[in-house]
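# Structural description and commentary
Given next are the chains, with one letter for each unit.
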Amino acid sequence: MIYTRLGRDGPQVSAVGLGFWEVGSRTWRGSPEVAEAIVRAAHEEGINFFDTAEVYGMGRSEEALGEAVRRLGIREHVVVASKVGGFRPTPYFILKGAEGVRRRLGFAPALLQLHWPPPAWIPLCQPLRGLERAVKAGLAEYVGLSNFSGRLLEEALYCFSSLEPVSDQVEYSLAYRTPELDVAKVARAKGIGIIAYSPLAKGALAGVTASRAVQRVDPRFKAAASDRELMDALKGVAGRLGATTAQVSLAWLISKGAVPIPGTTKPDRARELAGSADVKLSPEDVELLDRASSKFVTAWGREYGNLRSIRYVPCALQYLGLRAMGGA
Ligand SMILES: NC(=O)c1ccc[n+]([C@@H]2O[C@H](COP(=O)([O-])OP(=O)(O)OC[C@H]3O[C@@H](n4cnc5c(N)ncnc54)[C@H](OP(=O)(O)O)[C@@H]3O)[C@@H](O)[C@H]2O)c1
């Protein structure tokens, strides 16, 4: 495993982390019972970075991850990241959210992220000042953002006074390269790390067929799975290097300076995913993958816009909707 600093001043994290949305959420139906086996396998292979959120199974993912980390006795050796929902509009509500995260994990996360920007009519700085206060109150060591476009990221930086966010967690993969157009430029200039979510296009880049609803309705999954040029390029590089297409997809993100956080419900796959950090792509491999995926730089728009529509939904409705669904 290789390790890298998250942003200019963030924690040392493994080059590939692990997402925990899959575990405990109804969307993926991953059972919390396998959490410990997944964390053990990942940690044995050198992964020290785990990502969860308060809305994943409305807290069940956080509880499963926290319990696994505590039972394995590895709390001092891992960097746990969680997120509070963008439906928390003021410092007071962010602090309440952060307290809930600490309670469910059983310890304060190293990195506390705002999952998505607040509704468009709420001043951006209000929840961000809440993140800052959460650090002062000992509820996290670092703060991060998520689903912030390049433009919003620049605006957000003016809100912080005593610390800087270390990361922006955005969707980024061979099938979704929009962040290169805005997020990556701002992040590079300001020393902010990029955490790449859905790095396997929900499994399509690993070559699986869509067996769950969340995959069937995902436009990136469909686009990647049906793109012969991209899948052939991936298989070609993977075959030559004795790696899997999942590993090559993650190695490509690492070559771009991002920290991918793939998710899985299977311990063996966690080991495979960790192996992506050892896959050495040559400049020619990266160029081949760049070319085969070049359509996905602009195919989804020229500015990062995931979860943009939720910014027009009032906070209370966002929260009640998520609660009614049992979380994301
Ligand atoms: N900030 C945000 O708004 C946001 C949004 C989405 C996700 N996330 C984070 O990003 C993480 C990952 O993203 P994601 O869940 O959307 O998608 P992803 O990591 O791109 O794909 C996950 C899928 O890939 C499959 N998979 C994983 N490794 C595999 C392998 N080696 N071979 C074959 N299939 C494999 C998994 O299936 P199995 O379970 O069957 O292995 C699962 O279906 C989440 O856990 C979460 O922490 C954040």
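To be clear, the structure that these remarks concern was listed above.
### Description of the overall build of the chain
- Along its length, the chain carries 14 helices and ten strands.
- The globule rule puts the C-alpha radius of gyration for 328 residues at 20 Å, and the 18 Å found for the chain is close to it.
- Taking the principal axes of its C-alpha atoms as reference, the chain extends roughly 55 × 45 × 35 Å.
- Per-residue burial for the chain yields a buried fraction of 53% across its 328 residues.
- Look at the contacts in the chain between residues 6 or more apart in sequence, and 77% of them connect residues 24 or more apart.

### Brief notes about the pairing of strand 9 (residues 193-197)
- Counting buried residues in strand 9 gives five out of five residues, a clear majority hidden from the surface.
- Side chains of strand 9 alternate between two faces, with Gly-193, Ile-195 and Tyr-197 and Ile-194 and Ala-196 buried alike.
- Across five bridges, strand 8 (residues 167-171) lies against strand 9 in parallel orientation. Within the sheet, the bridge partner assigned to Glu-171 lies in strand 9 and is Tyr-197.
- The β-α-β motif built from strand 8, the intervening helix 6 (residues 183-190) and the parallel element strand 9 has right-handed crossover chirality.

### A closer look at the nonpolar core
- Among the nonpolar cores identified, the biggest contains 97 residues, and Leu-112 and Leu-205 are the most heavily contacted of them.
- It is helix 10 (residues 245-255) that contributes the most residues to this core, seven residues altogether.
- If sequence neighbours within four positions are ignored, Leu-112 has contacts with Ser-82, Val-84, Ala-98, Val-101, Leu-131, Ala-134, Leu-139, Ala-140 and Val-143.

### Observations concerning unusual backbone geometry
- Its identity as a non-glycine residue notwithstanding, Ser-198 has a phi of 45°, on the positive side.
- Taking the number of C-beta atoms within 10 Å as the measure of exposure, Ser-198 has 25 and is therefore buried.
- Even without being a glycine, Ala-201 presents a positive backbone phi close to 50°.
- Assignment of secondary structure puts Ala-201 in the loop between strand 9 and helix 7 (213-216).
- On the basis of neighbour count, Ala-201 is assigned to the buried category, with 26 C-beta atoms found within 10 Å.

### Describing the site of the ligand
- The ligand sits among 28 residues. The nearest are Gly-19, Trp-21, Gly-203, Ala-206 and Gly-263.
- Among the elements that make up the shell around the ligand, the one with the highest residue count is helix 11 (residues 267-274) (three residues).
- For the shell around the ligand, the class distribution of residues is twelve nonpolar, ten polar and six charged.

### A word on the environment of Leu-112
- Relative to the assigned elements, Leu-112 resides in strand 6 (residues 111-114).
- Looking at Leu-112, the number of C-beta atoms within 10 Å reads 25, which means it is buried.
- Residues Leu-112 and Glu-132, spaced 20 residues apart in sequence, show a C-alpha to C-alpha distance of 9.7 Å.

### Remarks on the packing of helix 5 (residues 150-157) against helix 6
- At a closest axis distance of 7 Å, the pairing of helix 5 and helix 6 adopts a crossing angle of 30°. With respect to helix 6, the axis of helix 5 lies roughly parallel. On the side of helix 5, the interface is formed by Gly-150, Leu-153, Glu-154 and Leu-157, while helix 6 contributes Val-183, Lys-185, Val-186, Ala-187 and Lys-190.
- Split by residue class, the contact of helix 5 with helix 6 holds five nonpolar, one polar and three charged.

### What about the sheet that holds strand 10 (residues 259-260)?
- Across the sheet, eight strands lie side by side as 3-4-5-6-7-8-9-10; this open sheet has parallel pairing. A single partner strand is all that each edge strand has here, and the edge strands are strand 3 (18-19) and strand 10.
- Bridge count for strand 4 (residues 49-51) against strand 5 (residues 79-84) is three bridges, and the pairing is parallel. Looking across to strand 5, one finds that Phe-49 is bridged to Val-79.
- Of the strands in this sheet, strand 5 and strand 6 are in contact with helix 3 (residues 91-105), which crosses strand 5 at around 140°.

### Brief notes about the packing of helix 9 (residues 228-241) against helix 12 (residues 283-292)
- Packing of helix 9 against helix 12 leaves a shortest axis separation of 9 Å and a crossing angle of 165°. In terms of their interaxial angle, helix 9 and helix 12 are classed as roughly antiparallel. Classified by chirality, the crossing of helix 12 by helix 9 is left-handed. Across from Glu-229, Leu-230, Ala-233 and Val-237 in helix 9, the residues of helix 12 making contact are Asp-285, Leu-288, Leu-289 and Ala-292.
- Here the contact of helix 9 with helix 12 is composed, by residue class, of six nonpolar, no polar and two charged.

### Things to note about helix 9
- Its 14 residues place the ends of helix 9 20 Å apart at the C-alpha level, agreeing with the 20 Å of an ideal helix rising 1.5 Å per residue.
- All buried positions along helix 9 are accounted for by Leu-230, Ala-233, Leu-234, Val-237 and Ala-238. Axial view of helix 9: buried residues confined to an arc of 125°, hence all on one face. Every exposed residue of helix 9 that faces more than 90 degrees away from the buried side is listed here: Arg-228, Glu-229, Asp-232, Gly-239 and Arg-240.
- Lining the buried residues of helix 9 we find helix 8 (219-225), helix 10 and helix 12.
- Phi turns positive one or two residues past the end of helix 9, at Gly-242, with a value near 65°.

Rules used throughout
Throughout, a residue's number is its position along its own chain's written sequence, starting from 1. Where totals are concerned, whole chains, interfaces and linings use all residues; where local detail is concerned, this predicted model gives features only for residues with pLDDT of at least 70, and gives and counts side-chain atom pairs only at 80 or more. Helix numbers and strand numbers start at the N terminus; a helix is a DSSP run of H or I with at least 4 residues, a strand a run of E with at least 2. Throughout, the radius of gyration refers to the C-alpha atoms, and the reference size of a globule is 2.2 Å times the residue count to the power 0.38. Counting other C-beta atoms within 10 Å of its own, a residue is labelled buried from 20 upward, exposed at 12 or fewer, and partly exposed in the gap between, with every C-beta atom placed from the backbone. We call two residues in contact whenever the C-beta atoms placed from their backbones are within 7 Å. By definition, two strands form a pair when at least two bridges between them are found by DSSP. Think of it like this: strands point away, you trace from the first strand over the helix to the second, and a clockwise trace means the crossover is right-handed. To form a nonpolar core, buried Ala, Val, Leu, Ile, Met, Phe, Trp, Tyr and Cys residues must be joined through C-beta atoms within 7 Å. Any residue whose backbone-placed C-beta atom lies within 6 Å of a molecule or strand is treated as near that molecule or strand. Residues are sorted three ways: Asp, Glu, Lys and Arg are charged, Ala, Val, Leu, Ile, Met, Phe, Trp, Tyr, Cys and Pro are nonpolar, and all the rest, Gly among them, are polar. Here an angle of 0 to 180 degrees is reported between the N-to-C directions of two axes, which are lines fitted to C-alpha atoms, with helices fitted over the stretch in contact. For classification purposes, an angle smaller than 35 degrees is called roughly parallel, one larger than 145 roughly antiparallel, one from 65 to 115 roughly perpendicular, and anything else oblique. Crossing handedness is read from the near helix: turned anticlockwise from the far helix by less than a right angle, it gives a left-handed crossing, and turned clockwise, a right-handed one. Here the expected span of a helix is defined as 1.5 Å times the quantity of residues minus one. Here, the arc refers to the directions that run from the helix axis to the C-beta atoms.

None of this, on its own, says anything about what the molecule does.
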